[in-house]
Amino acid sequence: MKDNFYTYILQLQGQITSALEVVDGVAKFREDIWERPEGGGGKTRVIENGEVFEKGGVNISAVHGKLPEAMQKMFNVGAADFFACGLSLVIHPKNPLVPTVHANWRYFEMYDDDGKIINSWFGGGQDLTPYYLFEEDAKHFHQTCKIACDKHNTEFYPKFKRQCDAYFWNAHRNEARGIGGLFFDYCKDSEDMTMENWFNFVSEVGNSFLEAYVPIVEKRKDLNYTAAQRTWQEIRRGRYVEFNLVHDKGTLFGLKTNGRIESILMSLPPHVQWAYDHHPEVGSEEEKLIKVLMNPIDWVLEANPKS
């Protein structure tokens, strides 16, 4: 399974970076191949200072070795060997009318002293972080996620959508990071879903990413924007940074397993602001976004936020 999944994310990385280069039209991804001293390594691809994408990364990794003590506590296990591979991406567009996007698809194995697998699971998802709310974009992103889920189980989309809303929640701000999407973790072998079934589901979601995101970028990338809208984007990017450094489990895992720092922190945007006690103007488009972030809604079913 680990070989099959690594082959898949390697191919998916190529598809996504090629497509995003076409959308940008100018910038190309720079590739770094790196090794982890304890075992494994990865391939980091970063795009910067493009016509459309200010900064972005589409990274794959496959690491293995002894499970660090901090991770033993997280998983509530003793000493063990592990293998983890995945693709993680974050794209920060230049135009504040184009949303930031994040996605991750991963596979994990844990072994006993004889090298036998004692636990394995899939995880991942994709979510959208707009700076200005276009309801048709939100519905398109979520509808694409739902179509991918429904091919495998009609209960997946509402379940994983709720989990996404709960996970990407900036508790210290009492607001969501964005308008959500899908989040799933610890997807294991069961009577209902074999590991092969989970592989097919995760790859279905991964294959849906470009259809979920690229049409939104194409629709918004050439819209005019003001300096004030750019300032708002940078303030909201600050909230994105706060989530990644305070709450994100993937960032924690990378730091606790001696991951490659440049690859882990590539998710951070290049230009950010932290304005003291900032509040958007009442009745503004900025306030409209905040109201939705404080009360996540079901985009596939309704167009307006709940009161």
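Residues numbered from 1 in each chain as written. Predicted model: local features only at pLDDT ≥ 70, side-chain atom pairs only at ≥ 80, totals over all residues. Heavy atoms only, no water.

1. Remarks on the overall build of the protein chain
So, step 1. Looking only at helices and strands, one finds nine helices and nine strands in the protein chain.
So, step 2. Here the C-alpha atoms of the protein chain give a radius of gyration of 19 Å, agreeing with the 19 Å that 2.2 N^0.38 yields for 307 residues.
So, step 3. Dimensions of the protein chain, computed from C-alpha atoms along their principal axes, come out at roughly 60 × 40 × 35 Å.
So, step 4. When the 307 residues of the protein chain are sorted by exposure, 54% land in the buried category.
So, step 5. Relative to all contacts within the protein chain whose residues are 6 or more apart in sequence, the contacts with residues 24 or more apart total 69%.
So, step 6. If the 34 positive side-chain charges of the protein chain are averaged to one point and the 44 negative ones to another, these points end up 2 Å apart. (Helix = DSSP H or I, 4+ residues; strand = E, 2+ residues; numbered from the N terminus. Rg over C-alpha atoms; globule rule 2.2 N^0.38 Å. Buried < 20%, exposed > 50% of the residue type's maximum accessible area, 1.4 Å probe, protein only. Contact = heavy atoms within 4.5 Å. Lys, Arg positive; Asp, Glu negative; His and termini not counted. Charge placed at Lys NZ, Arg CZ, Asp CG, Glu CD.)

2. A short note on the layout of surface pockets
So, step 1. The space that makes up the largest pocket amounts to roughly 340 Å³.
So, step 2. In terms of lining residues, the largest pocket is bounded by 18 residues, among which R173, E175, R239, H278 and H279 are the most central.
So, step 3. Of all the secondary structure elements, the ones that give two or more residues to the lining of the largest pocket are α6 (227-246) and α9 (285-294).
So, step 4. Top contributing element to the lining of the largest pocket by residue count: α6, with six residues.
So, step 5. When the residues that make up the lining of the largest pocket are grouped by side-chain class, the tally is seven nonpolar, five polar and six charged.
So, step 6. For the second largest pocket, the calculated volume is near 230 Å³.
So, step 7. Lining of the second largest pocket is provided by R30, D32, T44, V46, E48, K55, R260, I261, E262, S263, L265 and M266.
So, step 8. Of all the elements in the fold, those that place two or more residues in the lining of the second largest pocket are β1 (30-35), β2 (40-48) and α8 (261-264). (1 Å grid on protein atoms, 1.4 Å probe; cavity = no way out; pocket = protein on both sides within 12 Å on 5 of 7 lines; lining within 4 Å. Points joined across faces, edges and corners; volume = space filled by probe spheres on them. Nonpolar A, V, L, I, M, F, W, Y, C, P; charged D, E, K, R; others polar.)

3. What to know about the packing of helix α3 (residues 135-150) against helix α5 (residues 195-220)
For any two helices packed against each other, the geometry is given by the interaxial angle and the distance between the axes.
So, step 1. Where α3 meets α5, the axes come as close as 9 Å, and the angle between the chain directions of the two elements is 160°. With respect to α5, the axis of α3 lies roughly antiparallel. The way α3 lies across α5 gives a crossing that is right-handed. Only F201, E204, V205, S208, E211, A212, P215, I216, K219 and R220 of α5 make contact with α3, whose side of the interface consists of E136, D137, H140, F141, T144, A148 and C149. (Axes fitted to C-alpha atoms, helices over the stretch in contact; angles between N-to-C directions. Parallel < 35°, antiparallel > 145°, perpendicular 65-115°, else oblique. Left-handed = near helix turned anticlockwise from the far one by under 90°.)

4. Focus on empty space enclosed by the protein
So, step 1. Scanning all chains against the criterion turns up five cavities of 30 Å³ or more.
So, step 2. As a volume, the largest cavity reaches approximately 970 Å³.
So, step 3. Residue lining of the largest cavity: 45 residues in total, with N104, R106, G250, T251 and F253 positioned closest to the centre.
So, step 4. Those elements that provide at least two residues to the lining of the largest cavity are β3 (53-66), α2 (69-75), β4 (81-93), β5 (100-111), β6 (117-129), β9 (180-187), α7 (249-256) and α8.
So, step 5. With six residues, β4 is the single largest residue contributor to the lining of the largest cavity.
So, step 6. Taken together, the residues that form the lining of the largest cavity break down as 20 nonpolar, 18 polar and seven charged.

5. Side note on the nonpolar core
Proteins that are soluble and globular tend to have nonpolar side chains buried together.
So, step 1. One finds F5, L89, W105 and F201 to be the most contacted residues of the largest nonpolar core, which totals 65 residues.
So, step 2. Ranked by residues supplied to this core, first place goes to α5 with 12 residues.
So, step 3. Contact partners of F201, with chain neighbours within four places excluded, come to C149, H152, F156, F160, F184 and M193.
So, step 4. Core analysis: the next-biggest nonpolar cluster, separate from the first, contains 12 residues, L67, M71, F82 and F253 among them. (Core = buried A, V, L, I, M, F, W, Y, C linked by side-chain atoms within 4.5 Å.)

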